[in-house]
Amino acid sequence: MPVSFAGKLVVAISSRALFNLSDSHRVYENEGLEAYQAYQITHEDEVLEPGDAFPLVRKLLKINERAGGEPRVEVILLSRNSSDTGLRVFNSIEYYQLPITRAAFAGGHSPHRYVSAFGAHLFLSTDQDDVREALNAGYAAATILSGGTSSRDDGQLRIAFDGDAVLFSDDSERIFQESGLEAFTENERRAAREPLSGGPFKGFLAALHKLQSEFDPDNSPIRTALVTARSAPAHERVVRTLRAWDIRIDESLFLGGLDKGAFLDAFAADVFFDDQQGHCESAARHVAAGHVPHGISNEPKVPAKR
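Residues numbered from 1 in each chain as written. Predicted model: local features only at pLDDT ≥ 70, side-chain atom pairs only at ≥ 80, totals over all residues. Heavy atoms only, no water.

Considerations on the pattern of salt bridges
In the structure shown here, the tally under the stated rule is 19 salt bridges. In this structure, Asp164 engages Arg230 in a salt bridge whose closest nitrogen and oxygen atoms are separated by 2.9 Å. Note that Asp164 is positioned in the loop between β6 (157–161) and α8 (171–179) and Arg230 in the loop between β7 (222–228) and α11 (235–245), a separation of 66 residues in sequence. The residues Asp164 and Arg230 share a single accessibility class, namely buried. We note a salt bridge from Glu188 to Arg230, for which the minimum N-O separation is 2.9 Å. (Salt bridge = Lys/Arg side-chain N within 4 Å of Asp/Glu carboxyl O. Helix = DSSP H or I, 4+ residues; strand = E, 2+ residues; numbered from the N terminus. Buried < 20%, exposed > 50% of the residue type's maximum accessible area, 1.4 Å probe, protein only.)

Written out as C-alpha cells, the structure is:
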C-alpha cells in the first residue's frame, strides 16, 4: 500500500528557512547560478548553521518522541536547489539528527507547487513570492523573518496567531481600514453571533488542535495563543467563532492596539503569524515571526485621485 500522511501534521519548509544559506545566496546574487552551484559542491561537507526556523522545526519533530508509536508530525524540505547542490542541505540535516527524509529539489524553480502534492498544512519560506503563490493556492504559508527566537526550551511548542486575515478572513479588517474603528466596532457588535469566515491559517490551526487533543491538556507538548489588536466588545465574535469551529485556543490576548512584542515574549512564542509586516518586524525583536502576505493590508495601495 502507498505511504499516507493521513492523520499527520505536515509542515513544508524551504532550505533557506531551515538553514543559514546567506553566504551561498550572496554568491548566487553576485556571481550567478554556475558560481553558486560550484560553491555549494565545494562546501558540501561543511555543516550549515541553523536558520531562523530551525528551532521551530526541531520542536515540531520532538513531538513525535512524546507521542510514541507512529510519527505524528512530518517535516518536508522544499528547495529551489537541485539534488546535486542540495546534498549539503541533507548532509546538515543528518548532522543535526533531524528526522527529515522527504524533499523536493525544484532545480531553480519555485517549489511551492509541491505543497499541495505533499498535503502540507503549512509552508514556511524566506521567499515572499513562493509564499504568496502557496497562499493563492489555498494553503497556510508565511515568510520567516530574521530576528529573535524564544529562549524557552522546556520542550513545549508555543505558536501564536493574529486573528483577522490569518485565522479569520479579512472581512472585518476591511471595514476597519476603509471605514474606521467606530464602523468596525458596530459591525462586530451587530454580528457577534455570526461566526467569522476562515482565513488561510484555519486549516493549520485545526490540524494543530487535532494533534493537541491526543495529549493530556495538562501535559501537552503544544500550546497556542491568539494575539489580536481587537478588544471588547469585538472579542465576543472571536470567542463564538472558535466555539463554532470546535477549536480550542489555550490563551487569548485582546490587546486593543497595544504593541504585541512584549506579550509574545511573555508567552515565549516559538513563532508568531501576522498579516501586517510592521507587526511582524516588531514581534521579530522578541520571537520568531512569520509574515502572512494575505488580505487588505497586503494589497497594492491605489493612489488617491486628485
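Here's the deal with the pairing of β7
Burial analysis of β7 places six of its seven residues in the buried class, the great majority of the element. In this sheet, strand β8 (residues 251–254) lies alongside β7 in parallel orientation, the contact comprising four bridges. Within the sheet, the bridge partner assigned to Thr228 lies in β8 and is Phe254. In this view, the connection linking β7 to its parallel neighbour β8 by way of α11 has right-handed handedness. (Pairing = 2+ DSSP bridges. Right-handed = clockwise from strand over helix to strand, strands pointing away.)

Observations concerning the sheet that holds β6
Judged by pairing direction, the sheet is mixed, and its 10 strands sit side by side in the order β3-β2-β1-β4-β5-β10-β9-β6-β7-β8 without closing on themselves. Two strands close off the open sheet at either side, each with one partner strand: β3 (103–105) and β8. Taken pair by pair, the neighbouring strands of this sheet meet at an average axis angle of 25°, ignoring direction. Note that strand β9 (residues 271–274) and strand β10 (residues 289–291) share three bridges and pair parallel. Bridged to Phe272 within β10 is Ala289. Across the face of the sheet, helix α4 (residues 54–67) comes into contact with β1 (9–14), β2 (73–79), β4 (122–125), β6, β7 and β9 while running at roughly 145° to β2. (Axes fitted to C-alpha atoms, helices over the stretch in contact; angles between N-to-C directions. Contact = heavy atoms within 4.5 Å.)

Here we look at the environment of Ser22
For Ser22, the position within the fold is in helix α2 (residues 22–31). When its relative accessible area of 31% is taken as the criterion, Ser22 is described as partly exposed. Between the alpha carbons of Ser22 and Gly51 there is a distance of 9.4 Å; along the sequence they are 29 residues apart. A distance of 2.7 Å separates polar atoms of two side chains, one belonging to Ser22 and the other to Asn20. (Polar contact = N/O pair within 3.5 Å; in protein donor to acceptor, adjacent residues only side chain to side chain.)

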